[in-house]
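Observations on the three-dimensional arrangement
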Amino acid sequence: MTTTPEILSIAREKVLDKGIGLNFDETLEVLKLDDEHIDDLLALAHEVRLAWCGEEIEVEGIISLKTGGCPEDCHFCAQSGLFESPVRNVQLDIAQLIEAAKQTQKTGATEFCIVAAVKGPTEDLMQQLEKAVDAIQREVDINVAASVGILTQEQVDRLAAAGVHRYNHNLETSRSYFPEVVTTHTWEERISTLTMVRDAGMEVCCGGIVGMGETLEQRAEFAMDLQELDPTEVPLNFFDPRPGTPFANIEPMPVNDAFRTIGAFRLALPKTILRFAGGRELTLDDFGTEKGMLGGINAVIVGNYLTTLGRPAERDLDMLGKLQLPIKALNATL
């Protein structure tokens, strides 16, 4: 019989009982837990999620309005026009977005996120997005979110006025590691957009990718960056190497490191929507995904991602039913 590590006892009192997230040193200690304590960590993270977020799971679908041809050099991203990537430059019309929103709504999802591979939106893209949000809201019973890069104050105000419910703009990684990942814009530019989004009354969705070569210290730092930002939602992506990108040869994260990360981020962010996003299919497979859903995760993207295949929505919905995890209804998100 193994003894419960002191950090889990501290987390039970601090996070579970009081709703206070772990600090940097405590989060780092969780990220360094021995494999034998992973089940204990995930069990505690699940208790924290139930206590501070409730039992419901938020389901979201995403669609790429504009794919490929991005001028930025995010080293993980197949959509950059600077790399020799197989991703084609494609743009959808409003009718296609409406149909995608209808299909997403049929899965029971309450969130539909429109994404574009750009540094920031052009005027044409802004107008198309405004028209799309209006059309979807008239025809589909779903919240519309957006992710179109770095914004000006005027663009933030227009998206808020159009009825965008939640805006996604990932920090991607910790402040100290960001220059190793992106050189064509700064971490501070991303923070500026997120601050304006919050001040305009939209919900903030901000997460990133773990396993891109950052140290455990930088992974804990990233959790603290998010804790300070206090977003409504944190999408947690696990690195999935893309051919033709500078990070193509980085190995995917070991599964136990992924479990430690899930538990650590839940204990650092006890009241946040923590969403399974890209890479879980590669890193965790079906068993690991189920384990994560009972280890602190309380939201999931169903269907495909932007340039990688996800699991069919039906499989994730069947999984939630098997685990007896109720799906959040739309009226609970308004």
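Conventions adopted
Residues numbered from 1 in each chain as written. Predicted model: local features only at pLDDT ≥ 70, side-chain atom pairs only at ≥ 80, totals over all residues. Heavy atoms only, no water. Core = buried A, V, L, I, M, F, W, Y, C linked by side-chain atoms within 4.5 Å. Buried < 20%, exposed > 50% of the residue type's maximum accessible area, 1.4 Å probe, protein only. Helix = DSSP H or I, 4+ residues; strand = E, 2+ residues; numbered from the N terminus. Contact = heavy atoms within 4.5 Å. UniProt positions renumbered as here; feature names shortened; annotations may be inferred. Polar contact = N/O pair within 3.5 Å; in protein donor to acceptor, adjacent residues only side chain to side chain.

For the rest of this paragraph, the subject is the nonpolar core. Of all hydrophobic cores here, the largest spans 76 residues; its most connected members are Ile114, Ile136, Val148, Leu159, Phe238, Phe265 and Met293. Top contributing element to this core by residue count: helix H5 (residues 123-139), with seven residues. Other than its neighbours up to four places away in sequence, Phe265 contacts Val210, Arg219, Phe222, Ala223, Leu226, Leu236 and Leu274. Grouped together as the second largest cluster of nonpolar side chains are 16 residues, Val15, Leu16, Val30 and Leu33 included.

Our next topic: the UniProt feature "binding site: [2Fe-2S] cluster" (unreviewed entry) in the protein chain. Under the present numbering, the feature "binding site: [2Fe-2S] cluster" (unreviewed entry) in UniProt falls on Cys113, Cys205 and Arg275. Spanning 163 residues, the annotated positions come together in the fold, the maximum distance between their C-alpha atoms being 13.4 Å. Apart from residues lying up to four places away in sequence, Cys205 is in contact with Arg166, Tyr167, Asn168, His169, Asn170, Leu194, Glu233 and Pro235. As for its position among the elements, Arg275 is in strand S9 (residues 273-276). What makes Arg275 buried here is its relative accessible area of 0%. When sequence neighbours within four positions are dropped, the list of residues in contact with Arg275 reads Glu58, Val59, Glu60, Glu111, Arg166, Glu233, Val234, Pro235, Leu236, Ala299, Val300 and Ile301.

It is worth spelling out the side chain of Asn170 at this point. The residue Asn170 is located in the loop between strand S5 (166-168) and helix H7 (178-181) in this model. The buried category is assigned to Asn170, whose relative accessible area is 12%. Looking at Asn170, its side chain comes within polar contact range of the side chain of Asn168, at 2.9 Å. The residues touching Asn170, leaving out its near neighbours within four places in the chain, are Arg190, Cys205, Cys206, Gly207, Gly208, Pro235 and Asn237.

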